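Summary of structural features
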Amino acid sequence: MNRDEKYTILLDEQIASARRENRYIEFKSNYQDPNKLGEYISALSNGACLDHEDFGYLYFGVADKTLEVKGTTFNPSQEYAKGNQSLEIWLRQQITPRISFTIEEFMYGGEKRIVRFKIPAAVGEPTMFNWKAYIRVDSHTTSMEKYPDWMREIYMSKADWSAMPIEGATIGDLDPRAIKKAREGYKERYPELAEESDKWSDEVFLDRAALTIDGQITRTTILLLGKEEKAHKVPHIAQIAWKCYQDGEIFGDIYTVPFILATSSILGRIRNYRFKIYPPNTMIPAEVWKYDSRSILEGLHNAVAHQDYTQNARILVYERMEGLTFESTGGFFCGQYEDYIYGLKTPKLYRNPALVKAMVNIKMIDSQGYGIHSLYVRQKDRYLPMPDYDKSTDSTVVLHLPGNVIDENYSFQLIANTDMDLTEAVLLDHVQKHIPINDQAISLLRKHHRIEGRKPNLIVSKHIAHATGTKVEYSQHKGLETQACEQFLIQALRDHEYLSIQEMRRLLFPVLSDQLTEEQKNEKLRTIIRRLKNKGLVRNEAKGQHSTWYYNGEKEG
């Protein structure tokens, strides 16, 4: 492969990547003026730092709106800036601190001339042009002065906040219960050291697990193991706020260090219960937990690991009937969440390297990029909608973990096709959530009869419910809905004028779900009678131990 072919492939990949907005790739049809070019270099260098890329890229010869490759007449070696000075020399003088950007030319597809600027990411301080820092926001290049949080992030790109030692802190500031739990996690992570680690003193264990650094208590140590009353020794807020919305009421609590215990406490507060999904192709319902406990802890621990504590914000956990939402401050630190769904990417960098290392060692998180992947797999295996990060921004990560069925046909598809790969499951989840998918994805799902309808009005296919020979069994499992039972009972009272409780049982029990116990069927009958009585449709007359129910025809409607 020659140089032009190599660069052509790279440009195609970066054009595809740029269809999702980022801050480190820019395309221009042609050169404008030296000042604009200087601003672009500053913005792309700073954007690469914020997006945790090694380089930013500026291409001339690609239309910035359509991303069509057209070629360019721009020749940097023949352009001049003020005072008839060479453009490249002038740029290097105006860019501070000095960065070694390179200018490369190649023929795209062997016929269209492209000029590429390869720009190193800013490190430790913003890259400035004419003593002013720039950044790309959407499709515009603007001053970074408007975005102090991003400026701070660049200045801290060399420093690990979580590794900073805490002056005056001692092992006496740590919770013995938290140390015990950390030891248990360490032995799970490193079973070959289980017997040996039991002989270590707490001081030795903390250093070996990277919970301390050379015996020093750090911010990581207090966050994970510190006594609650020692939370103030971390110079920023270290709290998790849990808020629950239930039956029209709102309640919650605020948890602080040690986080290794706090996350387990929050897990214990979240309402988790089994519910049934009645697939059309089996006589046995699928019974699943509303949430997977490991997924709850995954969401909590990822928020703890990747929170930008310098922003003095709490980690937020919202519990609603439809699911759980986790919010942490600081955008995705290395790439986008889509990069990690399939478990194929390992993060290059972390916002809090020391904290992440310690949490990996005590088995709170995974360091290979499999955390998000595991969340998706577990939801798929439980036939529930996929997690999503759709409300995340550059400054906040928002994970939503669904706890109910959105479209039962989606769940039926997963139950009937347990070998469905994760790619298809994610695409099918997009369809049920009415998120657009491309033509290639549509073709893939149609090939396996997963979807129906025409673009953009696609729906999850219902063919499973109709293609099986178990319709009768399915209906017996599901039983009549409450409203249908009410109408059935009303019609019987119309026909016979009155019914005893025993006769009502004989009438309704056969049409209720055959998965209900006798007592559950009796409770269902009592509920139906109570609803009809409250509507004024029925009345009862009791004689001794006998109760007879009559139909109030004149009150119906």
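All figures in this text were calculated on a predicted structure; none of them were measured in a lab.

Structural notes on the sheet that holds strand β8 (residues 140-143)
- Judged by pairing direction, the sheet is antiparallel, and its 4 strands sit side by side in the order β3-β6-β7-β8 without closing on themselves. Only two strands of the sheet have a single neighbouring strand rather than two, namely β3 (95-96) and β8.
- Of the strand pairs in this sheet, strand β7 (residues 132-137) and β8 are connected by 4 bridges, and their pairing is antiparallel. What sits directly across from arginine 136, in β8, is threonine 141.
- Its contacts with the sheet put helix α2 (residues 34-50) on β3, β6 (128-129), β7 and β8, and the angle it makes with β7 is roughly 70 degrees.

Some remarks on empty space enclosed by the protein
- Within the structure shown, the criterion is met by 1 cavity of 30 Å³ or more.
- There is about 470 Å³ of room inside the largest cavity.
- Forming the walls of the largest cavity are 27 residues, and the residues nearest its centre are Asn302, His306, Phe332, Ile372 and Tyr389.
- Of all the elements in the fold, those that place two or more residues in the lining of the largest cavity are α10 (293-306), β16 (323-329), α12 (370-381) and β17 (396-402).
- The leading source of residues in the lining of the largest cavity is α10, at 5 residues.
- Broken down by class, the residue content of the lining of the largest cavity amounts to 14 nonpolar, 9 polar and 4 charged.

Overview of the pattern of salt bridges
- Under the definition given, this model contains 25 salt bridges.
- Taking the shortest distance from any N to any O, the salt bridge between glutamate 486 and lysine 535 comes out at 3.0 Å. On the criterion of sequence distance, the pair formed by glutamate 486 in helix α18 (residues 482-496) and lysine 535 in the loop between α20 (518-534) and β21 (538-543) is long-range, its members being 49 residues apart.
- You can call glutamate 486 buried: its relative accessible area is 2%.

A word on the environment of histidine 449
- Along the polypeptide, histidine 449 turns up in the loop between α15 (439-447) and β18 (451-452).
- The sequence separation of histidine 449 and serine 461 amounts to 12 residues, and the corresponding C-alpha distance is 6.8 Å.

With respect to helix α9 (residues 259-269)
- Every buried residue belonging to α9 is among Phe259, Ile260, Leu261, Ala262, Thr263 and Ile266, and all of these are buried.
- Next to the buried residues of α9 lie α5 (176-189), α8 (219-225), β11 (239-246), β12 (249-256) and α10.

Some details on the packing of helix α14 (residues 422-432) against α15
- Packing of α14 against α15 leaves a shortest axis separation of 10 Å and a crossing angle of 105 degrees. The orientation of α14 relative to α15 falls into the category roughly perpendicular. In this structure, α14 contributes Glu424, Leu427, Leu428 and Val431 to the contact, and α15 contributes Ala441, Leu444 and Leu445.
- Residues that form the contact of α14 with α15 fall into these classes: 6 nonpolar, no polar and 1 charged.

With respect to the environment of aspartate 419
- Considering the arrangement of structural elements, one finds aspartate 419 in the loop between α13 (408-416) and α14.
- Taking the C-alpha atoms as reference points, aspartate 419 and aspartate 381, 38 residues apart in sequence, are found 9.9 Å from one another.

Reading the values: the criteria
- Residues numbered from 1 in each chain as written.
- Predicted model: local features only at pLDDT ≥ 70, side-chain atom pairs only at ≥ 80, totals over all residues.
- Heavy atoms only, no water.
- Pairing = 2+ DSSP bridges.
- Helix = DSSP H or I, 4+ residues; strand = E, 2+ residues; numbered from the N terminus.
- Contact = heavy atoms within 4.5 Å.
- Axes fitted to C-alpha atoms, helices over the stretch in contact; angles between N-to-C directions.
- 1 Å grid on protein atoms, 1.4 Å probe; cavity = no way out; pocket = protein on both sides within 12 Å on 5 of 7 lines; lining within 4 Å.
- Points joined across faces, edges and corners; volume = space filled by probe spheres on them.
- Nonpolar A, V, L, I, M, F, W, Y, C, P; charged D, E, K, R; others polar.
- Salt bridge = Lys/Arg side-chain N within 4 Å of Asp/Glu carboxyl O.
- Buried < 20%, exposed > 50% of the residue type's maximum accessible area, 1.4 Å probe, protein only.
- Parallel < 35°, antiparallel > 145°, perpendicular 65-115°, else oblique.

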